[in-house]
Amino acid sequence: GAYGNGQSSWHGTHTAGIIAAETNNGEGVSAITWAGQVQPVRVLGMGSSGSDFDILSGIFWAAGDANIEDVPQNQNPARVINLSLGGPASQEGYNNWVELLESLLVTDAEAYNYPIVVVAAGNQDQIVDNTTPANIDLVITVGATRYDGRRASYSNWGNAVDIMAPGGQTDKDQNADGYPD
């Protein structure tokens, strides 16, 4: 399958900042980890589009796979792999995702030092059942909440969502600070 809508939002960069931003400097936000490091792996091309092959190759490279053709092995394999992407997949595409993630996270997990894959539920205000890889049981699927802790109106939802995290909602100012949340 292919992903992307032809526009770049730099969403992965924003997410990386939330994960490991420089903290206690009076600028921006505080990160969720002070000791963490981010290793960016670009899997989508211009216009934020890409293929299952590109994305899955990036996941395996991030995890330290030494068998990716014409690419040097990652010398700093990731323990946590975050994917701020997803979309519809054919049954064949979904089956490929499941097979390869099962290899990475179950069958060969020890060889990859037991990585964790975290994915976005999606922002289409729909049941997550049709959003891959968010609909795969082997990953941690994260939805978005607004300031008051309720689901953000745009966040996908459903049984496959494992956890919700603050995502904001730009048409609300629930904390009354004069800015969209």
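The structure displayed is predicted, hence computed values, not measured ones.

**What about the overall build of the protein?**
The helix and strand inventory of the protein stands at 3 helices and 6 strands. Secondary structure of the protein in N-to-C order comes out as β-α-β-α-β-α-β-β-β. Each principal axis of the C-alpha atoms in the protein carries an extent, and together these give about 50 × 40 × 30 Å. For the protein, the residues scored as buried account for 31% of the 181 residues in total. Surface summary for the protein: the accessible area is close to 11300 Å², and the carbon and sulfur share equals 51%. In the protein, which carries 6 positive and 21 negative side-chain charges, the distance between the mean positions of the two groups comes to 13 Å.

**A few points about unusual backbone geometry**
Note that the residue after T132, namely P133, is joined by a cis bond; omega there is 15°. Position of P133 among the secondary structure elements: in the loop between strand 4 (116-120) and strand 5 (140-145). Unlike most non-glycine residues, Y114 shows phi in positive territory, near 55°. With respect to the helices, strands and loops of the structure, Y114 is situated in the loop between helix 3 (91-107) and strand 4. Owing to a relative accessible area of 48%, Y114 belongs among the partly exposed residues under this scheme. Its identity is not glycine, yet D125 carries a phi of approximately 50°, on the positive side. The class for D125 is partly exposed, based on a relative accessible area of 40%.

**Remarks on the pattern of salt bridges**
Pairs may arise between side chains of opposite charge once their charged atoms sit close together. A complete count under the given rule lists 2 salt bridges for this structure. Of the charged contacts, one joins D125 and R151 as a salt bridge, the two residues approaching to 3.0 Å between their closest N and O atoms. You can see D125 sitting in the loop between strand 4 and strand 5 and its partner R151 sitting in the loop between strand 5 and strand 6 (163-166), a full 26 residues away along the chain. For R151, a relative accessible area of 34% gives the class partly exposed. As a salt-bridge pair, R146 and D148 come within 2.9 Å of each other at their nearest N and O atoms.

**Side note on the pairing of strand 3 (residues 80-83)**
Remark: a regular strand shows side chains that alternate across the two faces of the sheet. Covered by surrounding structure in strand 3 are I81 and L83 only, the residues V80 and N82 on the alternate face being uncovered. Bridging between strand 3 and strand 4 involves 4 bridges; their strand directions are parallel. Bridging from a neighbouring strand, I81 pairs with V117 of strand 4. Once the chain exits strand 3 it traverses helix 3 before rejoining the sheet at strand 4, and the crossover so formed is right-handed.

**Details of the environment of V128**
Along the chain, V128 falls in the loop between strand 4 and strand 5. Given the relative accessible area of 0%, V128 is considered buried. Between the C-alpha atoms of V128 and G158, which are 30 residues apart in sequence, the distance is 5.8 Å. Beyond its immediate chain neighbours, meaning those up to four positions away, V128 contacts A121, A134, N135, T141, N156, W157, A160 and V161.

**Digging into the sheet that holds strand 6**
The parallel open sheet is built from 4 strands, whose spatial order is 3-4-5-6. Each edge of the open sheet carries a strand with a single partner, namely strand 3 and strand 6. Direction aside, neighbouring strands of the sheet carry axes that sit 30° apart on average.

Reading guide: rules and limits
Residues numbered from 1 in each chain as written. Predicted model: local features only at pLDDT ≥ 70, side-chain atom pairs only at ≥ 80, totals over all residues. Heavy atoms only, no water. Helix = DSSP H or I, 4+ residues; strand = E, 2+ residues; numbered from the N terminus. Buried < 20%, exposed > 50% of the residue type's maximum accessible area, 1.4 Å probe, protein only. Areas by Shrake-Rupley, 256 points an atom, 1.4 Å probe, with all protein chains shown as cover. Lys, Arg positive; Asp, Glu negative; His and termini not counted. Charge placed at Lys NZ, Arg CZ, Asp CG, Glu CD. Salt bridge = Lys/Arg side-chain N within 4 Å of Asp/Glu carboxyl O. Pairing = 2+ DSSP bridges. Right-handed = clockwise from strand over helix to strand, strands pointing away. Contact = heavy atoms within 4.5 Å. Axes fitted to C-alpha atoms, helices over the stretch in contact; angles between N-to-C directions.

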